[in-house]
Amino acid sequence: QVPLVESGGGLVQAGGSLRLSCAASGFTLDYYGIGWFRQVPGKEREGVACISSTESSTSYADSVKGRFTISKNMANYTIALQMNSLNPEDTAVYYCAAFQGWGTSSDAKDYDYWGQGTQVTVSS
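Owing to the predicted nature of the structure, the values given are computational and were not obtained by experimental measurement. (Residues numbered from 1 in each chain as written. Predicted model: local features only at pLDDT ≥ 70, side-chain atom pairs only at ≥ 80, totals over all residues. Heavy atoms only, no water.)

Asker: Talk me through the pairing of strand β11 (residues 118-123); I want residue IDs and the actual numbers.
Answerer: Residues Thr118, Val120 and Val122 of β11 are buried on one face, while the alternating residues Gln119, Thr121 and Ser123, pointing to the opposite face, are not. Looking at chain direction, strand β9 (residues 92-100) and β11 are connected through three bridges and run antiparallel. Counted as the bridge partner of Tyr94 is Thr118 from β11. (Buried < 20%, exposed > 50% of the residue type's maximum accessible area, 1.4 Å probe, protein only. Helix = DSSP H or I, 4+ residues; strand = E, 2+ residues; numbered from the N terminus. Pairing = 2+ DSSP bridges.)

What follows is the structure, given as structure tokens:
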């Protein structure tokens, strides 16, 4: 299976911004929906943002709507999550994931491929 590799995490002050990137090697993104998820130890994995394979639709969790933006670069096989106005509640390990389909999904069970995650820590 083709791996997804996240990068761009780190430590940022509240109100700051980070841009996460996910590189997909060995397959085109044309036929895959993409999701970003996050997880805090001891809690369930939470869907943050997703985008359809054709980029015809996007979906965001209410907690990040208006602050986060998901995008895909089809030619370069990369997925980005631009995160603005970060707050301490955004602290988590962030994962990118992909599934074969034409829609969007915030359900982790729908996804076929997962990255290893990147840590985002927001200080107050």
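Asker: Could you give me a rundown of the pattern of salt bridges, with the residues and numbers involved?
Answerer: Taken as a whole and judged by the stated rule, the model has five salt bridges. The partner of Arg38 in a salt bridge is Glu46, and the shortest N-O contact between them spans 2.9 Å. The salt bridge partner of Asp90 is Arg38, with a shortest N-O separation of 2.9 Å. One end of the pair, Asp90, is in the loop between β8 (78-83) and β9; the other, Arg38, is in strand β4 (residues 32-39), and 52 residues separate them in sequence. Classification of Asp90 by relative accessible area gives buried; the value is 1%. Judged by its relative accessible area of 7%, Arg38 falls in the buried class. One salt-bridge network, in which partners are shared between bridges, spans Arg38, Glu46, Arg67 and Asp90. (Salt bridge = Lys/Arg side-chain N within 4 Å of Asp/Glu carboxyl O.)

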